[in-house]
Amino acid sequence: MNSGLPLGLMMRCGAQEDRMNVNLEYTPASGGLCWCGSGKAYGCCHEAIERRMEEMRRQGHVVPTRAMLKTPAQIAKIRESCRVNMAVLDAVAERIREGMTTAEIDRIVSERTAELGGVPAPLGYQGYPFSVCTSVNDQVCHGFPSEEFELEEGDIVNVDCSTILDGYFSDSSRMFCVGEIDEDTQKLVDVARECVQRGLEQVRPWGHLGDVAEAIWRHAEANGFSVVREIGGHGVGLEFHEDPYVSYITKKGTDMVLVPGMIFTIEPMINMGDPDVIVYEDNDWEIYTEDGYPSAQWEVMVLVTEDGHEVLCW
Ligand code: MF3
Ligand code: CO
């Protein structure tokens, strides 16, 4: 079988160990080691994965590029960034309360991130003017923190936090309910969270992004809700937004194949009413539901592993 891979780089498994014990004539060049920096021979590391990717590509599947597969060293750094991001969200969770302005949430995020040695990724990202997104009720995402907006009983707010630590990116978001909220809205928040859970259950090597998407939209629709079509998740880690784009409206067995080492977000926006959204023209950032009904979103960052997945950040 010609996999199209550099056959010259192939090594027998265990060659590294052999080399240390036996006086072999054959001394593999450093090119014999896997590109991922694992220190293992390519033939014992990514070769099998890349052969399978190539085979699937030939069968017409969309497969990731090598650049979308994070190396063990990169994953370790991204994990650290994720830990900070979760700690920042924990700080918000401890202090968020009725009567607080969303600008105060921005200050909590900015201060806690700095204390932990990170930088808020949103600030200055494509001109975004704050450290965090706070999206309340019918705001779908990218809500601007504001000194004028006080959280009131019955509000639901998505706090979307992203951190750069030592050059590595993390991104996750949670919903917060202010005081008592009405039953339908509570159901929306709960179902949005369950959608992420259903999506995560589909994350395994050699599955498809469409498996994740279908699990999500089926659960949302089964509960009478809708999924925003225009905005999705993304690869993340070395940059804030990387390929692939992660849709929540595609079908099982379609879209990109999942391969160990991929890291992406699952962050579906679930609407109580119609799926249509509008961009607030005054700032070209804030997204609202068109019909004014509320929207809820939770975001996690997930790594595809050899035998399933690992949630890195929530
Ligand atoms: N999780 C959000 C996203 O991926 C974070 C947006 S921050 C912003 O879209 F700066 F882009 F607004
Ligand atoms: Co995101």
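Fair warning: this is a prediction, and the values are worked out from it, not measured in the lab. Throughout, a residue's number is its position along its own chain's written sequence, starting from 1. Note on labels: chains are lettered from A, ligands numbered from 1, in written order. Note on the predicted model: pLDDT of at least 70 is required for a residue's local features to be given, and 80 or more for side-chain atom pairs to be given and counted; whole-chain, interface and lining totals, by contrast, use all residues.

Asks: Describe the overall build of the chain, with residues and values.
Replies: Under the DSSP-based scheme used, a helix requires at least four consecutive residues in state H or I and a strand at least two consecutive residues in state E, with every element numbered from the N terminus. Looking only at helices and strands, the chain has six helices and 15 strands in total. Between the two quantities, the radius of gyration covers C-alpha atoms and the globule rule is 2.2 Å times the number of residues to the power 0.38. A compact globule built from 314 residues should have a C-alpha radius of gyration of about 20 Å, and the chain, at 22 Å, falls within 12% of that. Over its C-alpha atoms, taken along the principal directions, the chain stretches across nearly 75 × 40 × 30 Å. Counts of 20 or more other C-beta atoms within 10 Å of a residue's own C-beta define buried residues, counts of 12 or fewer define exposed ones, and intermediate counts define partly exposed ones; C-beta atoms are placed from the backbone. A total of 314 residues make up the chain; the buried ones form 43% of that total. We call two residues in contact when the distance between their C-beta atoms, placed using the backbone, is within 7 Å. Pairs at least 24 residues apart make up 69% of the contacts formed inside the chain by residues separated by at least 6 positions.

Asks: How would you explain the pairing of strand E9 (residues 263-266) if you had to name every residue and give the values?
Replies: Side chains Ile263 and Thr265 of E9 all project onto a buried face; the interleaved residues Phe264 and Ile266 project onto the opposite face, where all are buried too. Note that E9 and strand E14 (residues 300-305) share four bridges and pair antiparallel. Across the sheet, Ile266 pairs through a bridge with Val300, a residue of E14. At least two bridges found by DSSP between two strands is the condition for calling them paired.

Asks: Account for the sheet that holds strand E13 (residues 295-297), naming residues and giving values.
Replies: The strand order across the open sheet formed by three strands is E6-E10-E13, and the pairing between neighbours is antiparallel. Both outer strands of the open sheet, strand E6 (226-227) and E13, are each paired with one neighbouring strand and no more. Across two bridges, the pairing between E6 and strand E10 (residues 269-271) is antiparallel. Bridged to Ser226 within E10 is Asn271.

Asks: Lay out the site of ligand 1 in plain terms, naming residues and giving numbers.
Replies: Neighbouring ligand 1 are the residues Pro122, Tyr125, Tyr128, Cys133, His142, Asp160, Ser162, Asp171, Ser173, His234, Glu267 and Glu299. Within the shell around ligand 1, the residues separate by chemical class into four nonpolar, four polar and four charged. Any residue whose backbone-placed C-beta atom lies within 6 Å of a molecule or strand is treated as near that molecule or strand. Each residue gets one label: Ala, Val, Leu, Ile, Met, Phe, Trp, Tyr, Cys and Pro are nonpolar, Asp, Glu, Lys and Arg are charged, and the others, such as Gly, are polar.

Asks: Give a description of the pairing of E14 that names residues and reports values.
Replies: With five of six residues buried, E14 is to be regarded as a mostly interior element. For E14 and strand E15 (residues 308-313), the ladder comprises five bridges, and the chain directions are antiparallel. Bridging across to E15, Val304 finds its partner in His309. Where E14 folds back on E15, the antiparallel hairpin that results is connected by two residues.

Asks: Could you give an account of helix H5 (residues 183-201), naming the residues involved and the relevant values?
Replies: With 19 residues, H5 extends 27 Å between its outermost C-alpha atoms, agreeing within 8% with the 27 Å of an ideal straight helix rising 1.5 Å per residue. Restricting attention to buried positions, one finds in H5 the residues Leu188, Val189, Ala192, Cys195, Val196, Arg198 and Gly199. By this rule, a helix spans an expected 1.5 Å times one less than how many residues it contains.

Asks: Go over the packing of H5 against helix H6 (residues 209-222) with me, naming the residues and quoting the values.
Replies: What counts as an axis is a line fitted to C-alpha atoms, over the stretch in contact for a helix, and the angles between N-to-C directions run from 0 to 180 degrees. Look at H5 against H6: their axes get within 8 Å of each other, and the N-to-C directions meet at 150 degrees. If you check the angle between H5 and H6, you find them roughly antiparallel. Note on packing geometry: the crossing formed by H5 with H6 is right-handed. Each of Val191, Glu194, Cys195, Arg198, Gly199 and Glu201 in H5 lies in contact with H6, whose residues at this interface are Val212, Ala215, Ile216, His219 and Ala220. Grouping the amino acids of the contact of H5 with H6 by side-chain chemistry returns six nonpolar, two polar and three charged. For classification purposes, angles smaller than 35 degrees are called roughly parallel, those larger than 145 roughly antiparallel, those between 65 and 115 roughly perpendicular, and all remaining angles oblique. In this scheme, a crossing is called left-handed if the near helix is turned counterclockwise away from the far one by less than a right angle; it is called right-handed if the turn is clockwise.

Asks: I'd like to hear about the domain arrangement of the chain, residue by residue, with values.
Replies: An automatic or database domain assignment provides the domain bounds reported here. Partitioning the chain into structural domains gives domain 1 (7-60) and domain 2 (67-313). Look at where the C-alpha atoms of domain 1 and domain 2 centre, and you get two points 37 Å apart. Taken together, the contacts link six residues of domain 1 with six residues of domain 2. Partitioning the side of domain 1 that touches domain 2 into residue classes produces four nonpolar, two polar and no charged.

Asks: I'd love a proper account of the nonpolar core, names of residues and values included.
Replies: Here, a nonpolar core denotes buried Ala, Val, Leu, Ile, Met, Phe, Trp, Tyr and Cys residues that are linked to one another through C-beta atoms within 7 Å. Within the largest apolar cluster, 69 residues are counted, with the highest numbers of intra-cluster contacts made by Val92, Ile216, Ile263, Ile270, Met301, Val302 and Leu312. In terms of residues, this core owes the most to one element, H6, which gives seven residues. If we ignore the near neighbours within four places in the chain, the residues touching Ile263 are Lys70, Ile78, Gly235, Val236, Gly237, Met301, Leu303 and Leu312. Of all hydrophobic cores here, the second largest spans six residues; its members include Cys36, Ala41, Tyr42 and Cys45.

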